[in-house]
Amino acid sequence: MALINIDGDPWLTELDACENLSNEIQSQLAARNRENKLSREYGVLSGTVRVRLKQLGGELEQLNRKLGLISGTLTSGEAERRQRKIEALQTKMIQLQRQFTNVNPSSERTDLFQTSNSRGVTFAQDDDDDDPALIASSSSYTVADLRAQQTRILEDQNEGLEALSQVIARQKVLATQIGGEVDLHNEILDDLAQTMETTDSRMNRETRNIGTITTQDSTWSYWIVIGLLFVAIIIAAVL
């Protein structure tokens, strides 16, 4: 399933560039194979393919390294699909390098010697510009190289997971401490609520006592007035 660059992901843009570069190399190899090995066009195409193969190898290494850096922000399925894309391009690059180096040196030298004898001119056997051996098999990606890269990727992912585990552990400790503080504050609030309830009950009781005393004081004043009036009536009746 092809990856679609919807949101302008720079990584996917670089992946598309690598795929286009590999397709261009394939076309140039096909064009080179149609040329005579002793022709100037063959040499020019060989030099161009050599440079672009090196460019493709460097860009794939950068792409693989960047995937390791952003893998934490991707889902496991998306990271796996992108890794398969890189591996497919690496395999294609190996095939392109084999096509580039698949030249029979003995037959090429024979052609050179035959051309030299027929024209009476001696040609150099080694041409740095056309020598395919400049890209040796040791410099190309092999199965061991791919496995080593996959091992490095797994190690990077394990390091990332370990770092994530440490972060989660620290967050767990912090959450536990916050939970303890919250429990302590809840206890303090409960004690404060009980104290407020007790104080409110005392205030209500004292208020009732004050009301009772006030009522009693008001009644005594009435009785005093009544007594004074009664005395006054008696005095008036006697006189």
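Residues numbered from 1 in each chain as written. Predicted model: local features only at pLDDT ≥ 70, side-chain atom pairs only at ≥ 80, totals over all residues. Heavy atoms only, no water.

A. Just the confidence of the model for the protein chain, in detail. For the protein chain, per-residue confidence averages 77 on the pLDDT scale, and 75% of positions sit at 70 or higher. Here helix H4 (residues 105-119) stands out as the least confident element of the protein chain, with mean pLDDT 45; helix H1 (residues 10-33) is the most confident, with 91. Of the regions scoring below 50 in pLDDT, residues 104-139 engages in 33 contacts with residues more than four places distant in sequence or in other chains. (pLDDT = per-residue confidence, 0-100. Helix = DSSP H or I, 4+ residues; strand = E, 2+ residues; numbered from the N terminus. Contact = heavy atoms within 4.5 Å.)

B. Main features of the nonpolar core. In this structure, Trp11, Ile25, Leu53 and Leu56 are the most contacted members of the largest nonpolar core, which totals 18 residues. When residues of this core are traced back to their parent elements, those giving at least two are H1, helix H2 (40-70) and helix H3 (76-101). Top contributing element to this core by residue count: H1, with 7 residues. Setting aside anything within four residues of it in sequence, one finds Leu56 in contact with Cys18, Leu21, Ser22, Ile25 and Met93. (Core = buried A, V, L, I, M, F, W, Y, C linked by side-chain atoms within 4.5 Å. Buried < 20%, exposed > 50% of the residue type's maximum accessible area, 1.4 Å probe, protein only.)

C. Local environment of the packing of H1 against H3. For the pair H1 and H3, interaxial distance at closest approach is 11 Å and the crossing angle is 20°. Considering the angle they form, H1 stands roughly parallel to H3. Judged by the twist between their axes, the crossing of H1 over H3 is left-handed. Across the interface between the two elements, Trp11, Leu12, Leu15, Cys18, Glu19, Ser22, Asn23, Ile25, Gln26, Leu29 and Arg32 of H1 pack against Arg82, Lys85, Ile86, Leu89, Lys92, Leu96, Gln99 and Phe100 of H3. Its residues assigned to classes, the contact of H1 with H3 comprises 10 nonpolar, 4 polar and 5 charged. (Axes fitted to C-alpha atoms, helices over the stretch in contact; angles between N-to-C directions. Parallel < 35°, antiparallel > 145°, perpendicular 65-115°, else oblique. Left-handed = near helix turned anticlockwise from the far one by under 90°. Nonpolar A, V, L, I, M, F, W, Y, C, P; charged D, E, K, R; others polar.)

D. Region of interest: H3. Compared with an ideal rise of 1.5 Å per residue, which puts 26 residues at 38 Å, H3 spans 37 Å between its outermost C-alpha atoms and is within 8% of the ideal. By the burial criterion, the buried members of H3 are Glu78, Ala79, Arg82, Gln83, Ile86, Leu89, Gln90, Met93, Ile94, Leu96, Gln97 and Phe100. (Expected span 1.5 Å × (residues − 1).)

E. Representation of the environment of Gln149. Mapping Gln149 onto the fold places it in helix H5 (residues 143-238). Overall, Gln149 belongs to the buried group, its relative accessible area being 8%. Taking the C-alpha atoms as reference points, Gln149 and Glu61, 88 residues apart in sequence, are found 9.2 Å from one another.

F. Quick look at the pattern of salt bridges. Overall, the coordinates contain 7 salt bridges when judged by the stated rule. Residues Asp9 and Arg82 are paired through a salt bridge, measuring 2.9 Å at the closest nitrogen-oxygen approach. In this pair, Asp9 sits in the segment before H1 while Arg82 sits in helix H3, placing the two residues 73 residues apart along the sequence. Across the pair Arg81 and Glu78 runs a salt bridge, and its minimum N-O distance is 2.7 Å. Note that Arg81 and Glu78 are positioned in helix H3 at a spacing of 3 residues, about one turn of the helix. Counted as one network, the salt bridges with shared partners bring together Asp9, Glu78, Arg81 and Arg82. (Salt bridge = Lys/Arg side-chain N within 4 Å of Asp/Glu carboxyl O.)

G. Structural detail: the environment of Asn33. Along the polypeptide, Asn33 turns up in helix H1. We classify Asn33 as exposed; its relative accessible area is 53%. Taking the C-alpha atoms as reference points, Asn33 and Phe100, separated by 67 residues in sequence, lie 9.5 Å from one another.

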